[in-house]
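# Survey of secondary and tertiary structure
What follows is the residue order along each chain.
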Amino acid sequence: MATNGKNNGEFSFVASNGSARNGLPKIQTHKKRTDDEICHDDSVPSVRAQTIDELHSLQRKKSAPTTPINDAQGAFATLSEDERQKQQLQSISASLASLTRETGPKVVRGDPARKAETPKLSHVTDQHFSPTLNISDSALKFTHILYNLSPAELYEQAIKYEKGSFITSGGALATLSGAKTGRSPRDKRVVKDDTTADELWWGKGSPNIEMDEHTFLVNRERAVDYLCSLDKVFVNDQFLNWDPDHRIKVRIVSARAYHSLFMHNMCIRPTPEELENFGTPDFTIYNAGQFPCNRYTHYMTSSTSIDLNLARREMVILGTQYAGEMKKGLFSVMHYLMPKRQILSLHSGCNMGKGGDVALFFGLSGTGKTTLSTDHNRYLIGDDEHCWSENGVSNIEGGCYAKCIDLSREKEPDIWNAIKFGTVLENVVFDEHTREVDYSDKSVTENTRAAYRIEYIPNAKIPCVGPHPKNVILLACDAFGVLPPVSKLSLPQTMYHFISGYTALVAGTEDGIKEPQATFSACFGAAFIMLHPTKYAAMLADKMKKHGATGWLVNTGWSGGSYGSGNRIKLAYTRKIIDAIHSGALLKANYVKTEVFGVEIPTEIEGVPSEILDPVNTWADKKAYKDTLLKLGGLFKKNFEVFANYKIGTDNKLTEEILAAGPIF
């Protein structure tokens, strides 16, 4: 091409033989190259899209369809991708089926906001998708299934559609749980049928409040109808229990992205291969928490109801959006299913030393369970829920659910650093401009929480399994100041204190408390157990005896007097005690027996003042010490009356041993 005319090296005006319209010269934009040129402004091909929607579709790459299947095993092993997805949708449709219709709703994968993904009616040919009986408005529509979405996808759904959802400065998703900011134990019901009437713990002290099968089905129908009336529902297929021999498949159907992300974090996340072979779940949760139950339904005492049907393997949630109901509901289920397999379910923290020694930590709120089980010199197996089987210990969950009130980087660096992209922050307050979270602000609730994947903890052991425990540590914050900082327990004493589940409330813990108040929670988690506490205690003793584990009672509370006159035992001393337990040094110590509780206490521990090991030495008023000791012993005895007449096994020998292990005076 001729290049006569002015040329500035960037573009040139072409001579008249290359004229454009109206006789004006054409502008040629090809840059003249020079030998010393470093970068080139070469033109690139246009995008392969004719519309903006088509361009947006190019932005999202399809996920890899599946991973190879070993030995072609599993429910979907020999199926094509289309057939596999079809069976998956059929399974979800069956989960959402009304009890008055033969088939479930029409379901399709994808976000209804993306119109192109909604199929035409003519595409639906399978009977599972086309109810023919009792046709209703909801039967004529599609329910879009948002299946096992990633955290990024769930962030988008929450921020776009759920008021009160924000991304904090650290990358976590801040959400609101609505009117309920904690569990509603008085609204939790369990179906009492011919089987559960004999198997479960009912009556005084039990957390199990009965309902009948018919009432459960009424609430189930209400929840399913609500979920099917929505344009879309979230479905999570996940696992409980890191032990592959004893894991449970769970399906969670919910209406909120917040709930889906919460359970994505708290349950164990399947691999693509595990997901394609998932099949039928072992247990299903229907979370219709935005919709109330009918107060006039039998057994209902409010607009909230959390209902467990162990025969149907189903849980229904109505009238509460607090996500913790799902987590603890499944924990209750594991407290029922696992003992049937001779596996002990435990409300405990668990860590492991580099030499493979495992310790269990039991304790109620304020006893230091989280602080002491989180040890940078040891691996974290889990912080809350575990199983002890013939294979060893395993974490039930895939995440952690940590309290956030007054959280600081200095006090809890691991939790602080885990609050990042993918983490759910419940009911926290943040700056409206910077989105910086104020963890000291209780404007919404004091029960602010963070739900994050356990992989976010640097020293987490993945997979979350370990060998049989060597030490079982029972923590108590004794505000009466009469329990020793550490006691070695016999097996019957371990069972007694495990069943008791003691700690003390102090002023500031709850309104109206002026002096220490003893509180007892059987098995250190009475709100979640299903069987009688003595059954779990007997299993614990059996496993401890079989595997040579030692029981310890550690007081993280007061010394030298009760709350108000004595002093809190220094955390540094408690850590030294725990270190001595882990190392085995405390097993080699010399011991003396205490009065009333009859436990053995060491005479010395490296790094701990010997005078505090026996609490009587720290009290100036010896009579006050004795009176307080007898008072606490009496509270233990009174609490244990509800368990005293329960017979364990074919004879009453074990019951008598446990009773003899309590306070004697």
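It should be noted that the structure appears before, not after, this text.
A brief look at the structure comes next.

Criteria and thresholds
Residues numbered from 1 in each chain as written. Predicted model: local features only at pLDDT ≥ 70, side-chain atom pairs only at ≥ 80, totals over all residues. Heavy atoms only, no water. Helix = DSSP H or I, 4+ residues; strand = E, 2+ residues; numbered from the N terminus. Polar contact = N/O pair within 3.5 Å; in protein donor to acceptor, adjacent residues only side chain to side chain. Contact = heavy atoms within 4.5 Å. Pairing = 2+ DSSP bridges. Buried < 20%, exposed > 50% of the residue type's maximum accessible area, 1.4 Å probe, protein only. Phe/Tyr/Trp six-rings, centres within 6.5 Å; stacked < 30°, edge-to-face > 60°. Lys NZ or Arg CZ within 6 Å of the ring centre and 35° of its normal. Core = buried A, V, L, I, M, F, W, Y, C linked by side-chain atoms within 4.5 Å. Salt bridge = Lys/Arg side-chain N within 4 Å of Asp/Glu carboxyl O.

### Quick word on the side chain of lysine 327
Note on placement: lysine 327 falls in helix α8 (residues 324-340). At 2.6 Å, the side chain of lysine 327 and the side chain of glutamate 397 are in polar contact. With sequence-adjacent residues up to four places away left out, lysine 327 is seen in contact with Phe262, Met263, Met266, Asp384, Glu385, Glu397 and Tyr401.

### Considerations on the sheet that holds strand β20 (residues 399-403)
Pairing is mixed across the open sheet formed by 5 strands, whose spatial order is β5-β6-β21-β24-β20. Each edge of the open sheet is held by one strand with a lone partner, namely β5 (166-167) and β20. As defined by bridge partners, β5 adjoins strand β6 (residues 173-175) across 2 bridges and the pair is classed as antiparallel. Its bridge partner lying in β6, isoleucine 167 is registered against leucine 173.

### Regarding helix α6 (residues 257-266)
Burial of α6 is extensive: 10 of the 10 residues sit out of reach of the surface. Along α6, the positions that sit buried rather than exposed are Ala257, Tyr258, His259, Ser260, Leu261, Phe262, Met263, His264, Asn265 and Met266.

### Topic: the packing of aromatic side chains
Scanning the entire structure with this criterion turns up 20 aromatic pairs. Ring geometry for phenylalanine 331 and phenylalanine 528: centres 5.8 Å apart, planes at 45 degrees, overall tilted. With phenylalanine 331 in helix α8 and phenylalanine 528 in the loop between β29 (517-520) and α12 (533-547), this residue pair connects regions lying 197 residues apart in the sequence. Judged by centre distance (5.2 Å) and plane angle (80 degrees), the ring pair of tryptophan 558 and tyrosine 563 falls under edge-to-face. Assessed through its relative accessible area of 32%, tyrosine 563 is described here as partly exposed. Here the aromatic cluster, defined as three or more aromatic residues joined through ring pairs, consists of Trp201, Tyr496, Tyr502, Phe520, Phe597, Phe636, Phe640 and Phe643. The residue whose ring lies beneath lysine 192 is tryptophan 202, and the NZ or CZ to ring-centre distance is 5.0 Å. When the ring centre of tyrosine 401 is taken as reference, the NZ or CZ atom of arginine 449 above it lies at 4.9 Å.

### With respect to the nonpolar core
With 127 residues, the main nonpolar core has Trp388, Ile419, Leu425 and Tyr452 as its most contacted residues. Ranked by residues supplied to this core, first place goes to α8 with 8 residues. Look past the residues within four positions of leucine 425 in its chain and what remains in contact with it is Thr168, Ala172, Leu173, Ala174, Thr175, Cys404, Ile419, Val437, Tyr439, Arg449 and Ala450. Among the nonpolar cores identified, the runner-up in size contains 25 residues, and Leu89, Val107, Val191 and Val316 belong to it.

### Comments concerning the pattern of salt bridges
Oppositely charged side chains are able to pair whenever their charged atoms sit close together. Scanning the entire structure with this criterion turns up 19 salt bridges. Here arginine 247 makes a salt bridge to glutamate 274, at a shortest N to O gap of 3.0 Å. Of this pair, arginine 247 sits in the loop between β9 (232-240) and β10 (248-254) while glutamate 274 sits in helix α7 (residues 272-276), placing them 27 residues apart in sequence. Residue arginine 247 is classed as partly exposed on the basis of its relative accessible area of 31%. Several salt bridges share partner residues, and in doing so they unite Lys327, Lys328, Lys369, Asp384, Glu385 and Glu397 into one network.

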